[in-house]
Amino acid sequence: MNIQDTLNKDNLPKHLAIIMDGNGRWAKQKGLLRAFGHENGTKSVKTTVEACAKLGIENLTLYAFSTENWNRPKLEVDTLMNLLISSLKKEFETLQKNNIKLNCIGNIDLLPSKAKKELFEVIEKTKINTRMNLTLALSYGSREELLNAVKNISNKVKNNIISIDSIDESIINQHLYTHNLPDVDLLIRTSGEHRISNFLLWQIAYAELYFTDVLWPDFKEEDLYEAIISYQKRERRFGKTSEQIK
């Protein structure tokens, strides 16, 4: 039986997030420069995006570049930015063909002007697509996101726009980059690392976590299906008992 046939299409994560890790180690194992790992990682992005759209997953968020990644060697950062530009140009037709809407979260102002221009053009051209929301986390850090939310809420309290007593989870959600997305149901991290790495800390409060040793450039459709099957076997209680769920 095909592994895809074992999936329960009625129990898919509404929001899947992926920490795409292992590009550098993949290249090193093959005696190549890290840039080749990043280039091959874009193939896994394309495969994963199309597979998620085909399955019917409504929201996919990919951790593409963190705020900490700016500290990497300039050559590697430049390579990643150039890859972002070329990938957006190359995959625009794929997004349109699959009716996928592109979005981005993070401190986008830090991106090079050429990358921002290409990014915003694709976002604008795909904004009416409805099959799946694809969100790229670029220059993203969850602590910075939360810090900005606290500052914005505090400023509104100071100016009597909202009261302290009215602050609840929904108010905080409204001030996050992901205000238009549901909480994450399943978080996948590749490459064998067991860390969250400052990614969607608020949004993954009740997410199921799935770690795989597969390096991101080797991540295939079957690996995605295995992660979702693992998710479907778990009992999601959200603080309740098993008896209450049943």
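Predicted model only: the values in this text are computed from it and were never measured.

Draft legend 1. View of helix 7 (residues 221–232). Here helix 7 contains twelve residues, and its C-alpha end-to-end distance of 17 Å stays within 8% of the 16 Å for a straight helix at 1.5 Å per residue. The set of residues buried in helix 7 consists of D223, L224, Y225, A227, I228, I229, Y231 and Q232. For helix 7, the elements touching its buried residues are strand 1 (15–19), helix 2 (34–55), strand 5 (186–189) and strand 6 (208–211).

Draft legend 2. Spatial organisation of the nonpolar core. Among the nonpolar cores identified, the biggest contains 46 residues, and L16, L60, L102, L119, L138, I188 and L224 are the most heavily contacted of them. Beyond its immediate sequence surroundings of up to four residues, L138 is in contact with A64, F65, L84, C104, I105, G106, N107, I108, L111 and L119. A17, Y63, A137 and L187 belong to the second largest nonpolar core, which has twelve residues in total.

Draft legend 3. Structural context of a nonpolar patch on the surface. Together, L32, L33 and F36 line one region of the surface with nonpolar side chains, adding up to about 290 Å² of accessible area. With respect to the element layout, L33 can be found in the loop between helix 1 (23–29) and helix 2. Using a relative accessible area of 60% as the deciding quantity, one classes L33 as exposed.

Draft legend 4. Structural context of the side chain of N40. Examined against the element boundaries, N40 turns out to sit in helix 2. The exposure class of N40 is buried, given its relative accessible area of 18%.

Draft legend 5. Quick peek at the packing of aromatic side chains. All told, the structure shown has six aromatic pairs when counted by the stated rule. Residues Y63 and F199 carry aromatic rings whose centres are separated by 4.2 Å and whose planes lie at 10° to one another, so their mutual orientation is stacked. In this pair, Y63 sits in strand 2 (residues 59–66) while F199 sits in the loop between strand 5 and strand 6, placing the two residues 136 residues apart along the sequence. By the burial criterion, Y63 is buried, and F199 matches it. Ring centres 6.0 Å apart and planes at 90° place the aromatic pair Y140 and F199 in the edge-to-face group. You can see Y140 sitting in strand 4 (residues 132–140) and its partner F199 sitting in the loop between strand 5 and strand 6, a full 59 residues away along the chain. Overall, F199 belongs to the buried group, its relative accessible area being 0%. An aromatic cluster is built from Y63, Y140, Y177 and F199, whose rings are joined through pairwise contacts.

Draft legend 6. Up close: the sheet that holds strand 1. An order of 3-4-2-1-5-6 is seen for the six strands of this open sheet, with the pairing classed as parallel. Either end of the sheet is taken by a strand with one partner, and the two such strands are strand 3 (100–105) and strand 6. Neighbour-to-neighbour, the strand axes of the sheet open up by a mean angle of 20°, direction not taken into account. Taken together, the six bridges between strand 3 and strand 4 define a ladder with parallel strand orientation. Bridge assignment links I105 to a residue of strand 4, and that residue is A137.

Draft legend 7. Region of interest: the environment of K9. Considering the arrangement of structural elements, one finds K9 in the segment before strand 1. Ignoring sequence-local partners within four residues, the contact set of K9 consists of Q4 and L55.

Draft legend 8. Structural context of the layout of surface pockets. By volume, the largest pocket is sized at about 1000 Å³. In terms of lining residues, the largest pocket is bounded by 41 residues, among which M20, N23, Y63, A64 and F65 are the most central. Those elements that provide at least two residues to the lining of the largest pocket are helix 1, helix 2, strand 2, helix 3 (74–97) and strand 4. Looking at the lining of the largest pocket residue by residue, the class counts come to 19 nonpolar, eleven polar and eleven charged. Taken together, twelve residues line the second largest pocket, and the ones lying closest to its centre are D183, W202, Q203, A205 and Y206. The class makeup of the residues in the lining of the second largest pocket is six nonpolar, two polar and four charged.

Each value, and the rule that gives it
- Residues numbered from 1 in each chain as written.
- Predicted model: local features only at pLDDT ≥ 70, side-chain atom pairs only at ≥ 80, totals over all residues.
- Heavy atoms only, no water.
- Helix = DSSP H or I, 4+ residues; strand = E, 2+ residues; numbered from the N terminus.
- Expected span 1.5 Å × (residues − 1).
- Buried < 20%, exposed > 50% of the residue type's maximum accessible area, 1.4 Å probe, protein only.
- Contact = heavy atoms within 4.5 Å.
- Core = buried A, V, L, I, M, F, W, Y, C linked by side-chain atoms within 4.5 Å.
- Patch = residues over 30% accessible without salt bridge, like charges linked within 9 Å, V, L, I, M, F, W, Y side chains within 5 Å.
- Areas by Shrake-Rupley, 256 points an atom, 1.4 Å probe, with all protein chains shown as cover.
- Salt bridge = Lys/Arg side-chain N within 4 Å of Asp/Glu carboxyl O.
- Phe/Tyr/Trp six-rings, centres within 6.5 Å; stacked < 30°, edge-to-face > 60°.
- Pairing = 2+ DSSP bridges.
- Axes fitted to C-alpha atoms, helices over the stretch in contact; angles between N-to-C directions.
- 1 Å grid on protein atoms, 1.4 Å probe; cavity = no way out; pocket = protein on both sides within 12 Å on 5 of 7 lines; lining within 4 Å.
- Points joined across faces, edges and corners; volume = space filled by probe spheres on them.
- Nonpolar A, V, L, I, M, F, W, Y, C, P; charged D, E, K, R; others polar.

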